[in-house]
Amino acid sequence: MAMRKTYAAWIIYFAAAAACQLALGDFPARIFAFPVNAAILLLWITALSIFFNEKPRSFLITLLSSRQTTFILLGIFTASCVFQGLSPESITGTWWFCATVLALLSHLFIVILKGAGRIRRFKARFMLNHAGIFLAIAGGFFGSPDTYDWRMPVSKEAASREAIDKHGNISYPGYELRLESLSTDFYDNGVPKNYEARLTVNSEKEAVLKVNHPYRLSWMDDLYLSATDNAGGSDYCVVQITRQPWKYMQFAGILMLLAGSMLLFLQGAAATRKKGGWR
Amino acid sequence: MIGWDNFIIFAAVSVILWITGAICAWKGKKPSAIAFTACGIAVFAIFIAGLWISLQRPPMRTLGETRLWYAVFMVVAALATYARWEYKWILFFSAIMGTVFSAINIFMPQIHDQTLMPALQSGWFIPHVTVYMFSYSLMGCAFIIAIAGCIQNTGKYLETADSLVYAGTAFLTFGMLSGALWAKQAWGIYWSWDPKETWAAITWGIYLLYMHARIYERNRHAVASILLILGFICLQMCWWGVNLLPAAQESMHVYGQ
């Protein structure tokens, strides 16, 4: 494909994203909550796979597998991150950023399909790194509408059921928590060394929360000790509740990427040099 | 017991040994260069180990403490590069960088107490920080090589830079992912676009661009060198520059200066 066509296609794509941002405001992520996000993910990868197998020379597949696309998307993603890094405002909910991530994921998926069908040296490294990035980013991107982060003030006096999100909205996660005890260790100079809270969940299960030691309440809910009274012996703490049903996909991606990075170190740059390229 | 009061002695001895090693390398005396530099590393490492014991925690909490690791890892990475590729100038640059980072710790003393806040009491703390510092030092060597290539207007050093960047990116990836796994344990989410995380992603993205550029555009040496320089600048931004940004006031990565 001519380089000019590739650039033109991506300019139109990102211009459309910018136009959506101007016309509609931020990307309405919550309307893509489960099962819409799962259905879209399945349809999207199925459609890309069919296109890749049936129409490998089509404009879309040629565009998504071109090396210019690698540079354009990596460059735009990095530039978007620079903007995010310098700005106090979050841009991760904008149409522009969502379009960038979706394009990057589409490109990665086609590159993985292309790489999987080829006989090559160091294929394991290639597959682990690319599939790992794909799963880690896709888990975060598609899982974002189903992700919740609440704070629940919990006391000894009465069981708590109401949780508050970062916008101040009240939710009911579906269980009640009650504080049994709270303790704080201190260094000699009075700086807190460790916190520990003992809670009961639904008056049945006991949960012990410490910093860096969350409590796994269910396959998608984890409890964290968010804040305590430093004086210790208090009868009040704040519990953070995270609901992340897609975290397993991200975790799988992280593990694959860790394995891929080990191979990157062990096999080094010489692997690429001898082949004169990966594709 | 070894503490910050003794740092100037250990730093001075290390710097003298590193500079002696660099002079030997310049004169082509490879065994002496390796021996002197390794002795300098050992002296510096003894100080870090002693500080670790006296503080009763890993010395990785403050910027000043991470500078210790960077200074020593920088010289380790340069020594490995010299032993493998025999660039006689690389030990000179690494000695300068090690000296600068040691001097900053001497002239800008910061708070170095024994406390380690609860969030840092994790099994991920030591691997996350040391791996990051080691990757920074490898990228620092790649940066020196890019500057040397730009000054001499040649791309002949880029194959060495490739090796350093591949190893550095592997460690950078491990550092970033270990941070994500730790963040899940401590804050409930793998990635939250905190300023530090954002700059880590930027740095990673630039080194990925470099690696892809070297695969597809092998003869564009200037582009590769610019990416190495940009990557190093972003890496410094991620390490300490991010603390200067207004957004850093709300960062979850602020543990003390």
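These numbers were taken from a predicted model, which means no experiment stands behind them.

Rules of the game
Residues numbered from 1 in each chain as written. Chains lettered and ligands numbered in written order. Predicted model: local features only at pLDDT ≥ 70, side-chain atom pairs only at ≥ 80, totals over all residues. Helix = DSSP H or I, 4+ residues; strand = E, 2+ residues; numbered from the N terminus. Rg over C-alpha atoms; globule rule 2.2 N^0.38 Å. Buried ≥ 20, exposed ≤ 12 C-beta atoms within 10 Å, placed from the backbone. Contact = placed C-beta atoms within 7 Å. Axes fitted to C-alpha atoms, helices over the stretch in contact; angles between N-to-C directions. Parallel < 35°, antiparallel > 145°, perpendicular 65-115°, else oblique. Left-handed = near helix turned anticlockwise from the far one by under 90°. Nonpolar A, V, L, I, M, F, W, Y, C, P; charged D, E, K, R; others polar. Core = buried A, V, L, I, M, F, W, Y, C linked by C-beta atoms within 7 Å. Pairing = 2+ DSSP bridges. Domains from an automatic or database assignment. Expected span 1.5 Å × (residues − 1).

### Looking at the overall build of chain B
Alright, step 1. Regarding its fold elements, chain B presents eight helices and zero strands.
Alright, step 2. In sequence order, chain B lays out its α and β elements as α-α-α-α-α-α-α-α.
Alright, step 3. Against the globule reference of 18 Å for 257 residues, chain B gives a C-alpha radius of gyration of 18 Å, in line with a compact fold.
Alright, step 4. Overall size of chain B, expressed as C-alpha extent along the three principal axes, is 50 × 45 × 30 Å.
Alright, step 5. The proportion of buried residues among the 257 residues of chain B is 52%.
Alright, step 6. In chain B, of all internal contacts separated by at least 6 residues, the share reaching a separation of at least 24 is 75%.

### Things to note about the overall build of chain A
Alright, step 1. Scanning chain A from terminus to terminus reveals eight helices and nine strands.
Alright, step 2. Against the compact-globule benchmark of 19 Å for 279 residues, chain A has a radius of gyration of 24 Å, which places it well outside the compact range.
Alright, step 3. Seen through its C-alpha atoms, chain A measures out along the principal axes to roughly 70 × 50 × 35 Å.
Alright, step 4. Of all 279 residues assigned to chain A, the portion counted as buried reaches 33%.
Alright, step 5. Pairs at least 24 residues apart make up 58% of the contacts formed inside chain A by residues separated by at least 6 positions.

### Quick look at the packing of helix α5 (residues 125–152) of chain B against helix α6 (residues 158–187) of chain B
All names here are of chain B.
Alright, step 1. Where α5 meets α6, the axes come as close as 8 Å, and the angle between the chain directions of the two elements is 155 degrees. In this view, α5 runs roughly antiparallel relative to α6, as classed from their interaxial angle. When the axes of α5 and α6 are compared, the crossing they make is left-handed.
Alright, step 2. Along the lines of polarity and charge, the residues of the contact of α5 with α6 split into 19 nonpolar, eight polar and no charged.

### Quick word on the nonpolar core
One broad rule of soluble globular proteins: the nonpolar side chains tend to lie buried together.
Alright, step 1. Membership of the largest hydrophobic core comes to 148 residues, with the highest contact counts inside it found for V239 of chain A together with L91 and A142 of chain B.
Alright, step 2. Residue contributions to this core peak at 16 residues, all from α6 of chain B.

### Let's talk about the sheet that holds strand β6 (residues 205–210) of chain A
Residues and elements named next belong to chain A.
Alright, step 1. Pairing is antiparallel in the open sheet, where three strands are placed in the order β4-β5-β6. Every other strand in the sheet has two partners, leaving β4 (177–186) and β6 as the edge strands with one partner each. Strand after strand, the sheet turns through a mean of 15 degrees between neighbouring axes, direction not considered.
Alright, step 2. In this sheet, strand β5 (residues 192–201) lies alongside β4 in antiparallel orientation, the contact comprising nine bridges.

### Overview of the pairing of β5 of chain A
Residues and elements named next belong to chain A.
Alright, step 1. Where β4 folds back onto β5 in an antiparallel hairpin, the turn is made up of five residues, including G190, whose phi is positive at roughly 90 degrees.
Alright, step 2. With six bridges joining them, β5 and β6 adopt antiparallel strand pairing. Following the sheet pairing, V201 is matched in β6 by K205.
Alright, step 3. Here β5 hands over to β6 after three residues, with N202 in that stretch at a positive phi of 50 degrees.

### Re the domain arrangement of chain A
Alright, step 1. The assigned domain composition of chain A is domain 1 (3–146 + 247–275) and domain 2 (148–243).
Alright, step 2. Each of domain 1 of chain A and domain 2 of chain A was reduced to a C-alpha centroid, and the two centroids are 37 Å apart.

### Quick look at helix α1 (residues 7–26) of chain B
Residue and element names in this part refer to chain B.
Alright, step 1. Taking 1.5 Å of rise per residue, 20 residues should cover 28 Å, and α1 covers 28 Å from first to last C-alpha, within 8% of that figure.
Alright, step 2. Burial in α1 covers these residues: F7, F10, A11, S14, V15, L17, W18, G21, A22, C24 and A25.
Alright, step 3. Each element contacted by the buried residues of α1 is listed here: α2 (30–55), α3 (63–85) and α4 (90–107).
Alright, step 4. Of the residues one or two after α1, G28 is the one with positive phi, at around 85 degrees.

### As for unusual backbone geometry
Alright, step 1. In the segment running from F34 of chain A into P35 of chain A, the intervening peptide bond is cis, with an omega of 10 degrees.
Alright, step 2. Examined against the element boundaries, P35 of chain A turns out to sit in the loop between α1 (3–24) and α2 (36–54).
Alright, step 3. The phi dihedral of Q56 of chain B is positive, around 60 degrees, even though this residue is not glycine.
Alright, step 4. Inspection of the secondary structure assignment puts Q56 of chain B in the loop between α2 and α3.
Alright, step 5. Residue class for Q56 of chain B comes out exposed when judged on the 10 C-beta atoms lying within 10 Å of it.
Alright, step 6. Positive phi is not limited to glycine here, since W193 of chain B has a value of about 55 degrees.
Alright, step 7. Take W193 of chain B: it is sitting in the loop between α6 and α7 (195–216).

### Observations regarding the environment of V211 of chain A
Alright, step 1. Relative to the elements of secondary structure, V211 of chain A occurs in the loop between β6 and β7 (215–216).
Alright, step 2. Overall, the presence of 22 C-beta atoms within 10 Å leaves V211 of chain A in the buried class.
Alright, step 3. The sequence separation of V211 of chain A and R120 of chain A amounts to 91 residues, and the corresponding C-alpha distance is 46 Å.
Alright, step 4. Setting aside residues up to four positions removed in sequence, V211 of chain A forms contacts with N194, Y195 and L225 of chain A together with P118, A119 and A186 of chain B.

### What to know about the domain arrangement of chain B
Interfaces are often sized by the accessible area lost when the parts come together.
Residues and elements named next belong to chain B.
Alright, step 1. The assigned domain composition of chain B is domain 1 (1–65 + 82–110) and domain 2 (122–257).
Alright, step 2. Distance between the C-alpha centres of domain 1 and domain 2: 22 Å.
Alright, step 3. Taken together, the 11 residues of domain 1 in the interface contact 12 residues of domain 2.
Alright, step 4. Going through the elements one at a time, α3 and α4 are the ones with two or more residues in the side of domain 1 that touches domain 2.
Alright, step 5. Residue composition of the side of domain 1 that touches domain 2, by class: eight nonpolar, two polar and one charged.

### A short note on the interface of chain A and chain B
Alright, step 1. With 44 residues of chain A in contact, the opposing surface of chain B contributes 39 residues.
Alright, step 2. Counting only elements with at least two residues in the side of chain A that touches chain B, the list comes to α4 (67–86), β5, β8 (221–228), β9 (236–243) and α7 (247–267) of chain A.
Alright, step 3. Per-class residue counts for the side of chain A that touches chain B are 22 nonpolar, 18 polar and four charged.

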